[in-house]
Amino acid sequence: GIFVVSTPAQARLYVDGQLYGSTPASIPGLAPGAHTVRIEAAGYRAWQGQVEVLAGMRTRVQATLQQEQE
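Residues numbered from 1 in each chain as written. Predicted model: local features only at pLDDT ≥ 70, side-chain atom pairs only at ≥ 80, totals over all residues. Heavy atoms only, no water.

Asks: Could you give an account of the nonpolar core, with specific residues and numbers?
Replies: Judged by nonpolar contacts, the single largest core of 16 residues is most densely connected at Ile2, Leu13 and Ile39. Among the secondary structure elements, those contributing two or more residues to this core are strand E1 (2-7), strand E2 (12-15), strand E4 (25-27), strand E5 (33-40), strand E6 (47-53) and strand E7 (59-64). Sequence-distant contacts of leucine 13, defined by excluding residues within four places in its chain, comprise Val4, Gln18, Leu19, Tyr20, Gly21, Ser22, Thr23, Ala25, Ile27, Val37, Arg38 and Ile39. (Core = buried A, V, L, I, M, F, W, Y, C linked by side-chain atoms within 4.5 Å. Buried < 20%, exposed > 50% of the residue type's maximum accessible area, 1.4 Å probe, protein only. Helix = DSSP H or I, 4+ residues; strand = E, 2+ residues; numbered from the N terminus. Contact = heavy atoms within 4.5 Å.)

And the structure:
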């Protein structure tokens, strides 16, 4: 599975296009392999990245969103 932390916290968390609630979040049971993580928060640019999930391991994802420019 993965454990996702973001700055700011309480951002919307998507994995492979599916909403998983808000950060921080632990998502167990993902199939091993590459997954797309997307994090969105109002006033910030969305963060997106690939995470490699290994069987029996918990992968930590740390994302810092950039504030949208005025």
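Asks: Break down the side chain of glutamate 40 for me, citing the residues and quoting the values.
Replies: With respect to the helices, strands and loops of the structure, glutamate 40 is situated in strand E5. Among the polar contacts made by the side chain of glutamate 40, one reaches the side chain of arginine 38 at a distance of 2.8 Å. The residues touching glutamate 40, leaving out its near neighbours within four places in the chain, are Ala11, Arg12, Tyr14, Ala46 and Leu65. (Polar contact = N/O pair within 3.5 Å; in protein donor to acceptor, adjacent residues only side chain to side chain.)

Asks: Describe the environment of valine 51, and please don't skip the residues or the numbers.
Replies: Mapped onto the secondary structure, valine 51 falls in strand E6. Assessed through its relative accessible area of 7%, valine 51 is described here as buried. Counting along the chain gives 12 residues from valine 51 to alanine 63, while the straight-line C-alpha distance between them is 12 Å. Sequence-distant contacts of valine 51, that is, excluding residues within four places in its chain, are made with Ile2, Gly33, Ala34, His35, Val37, Thr59 and Val61.

As far as function goes, none of this settles anything; it's purely spatial.
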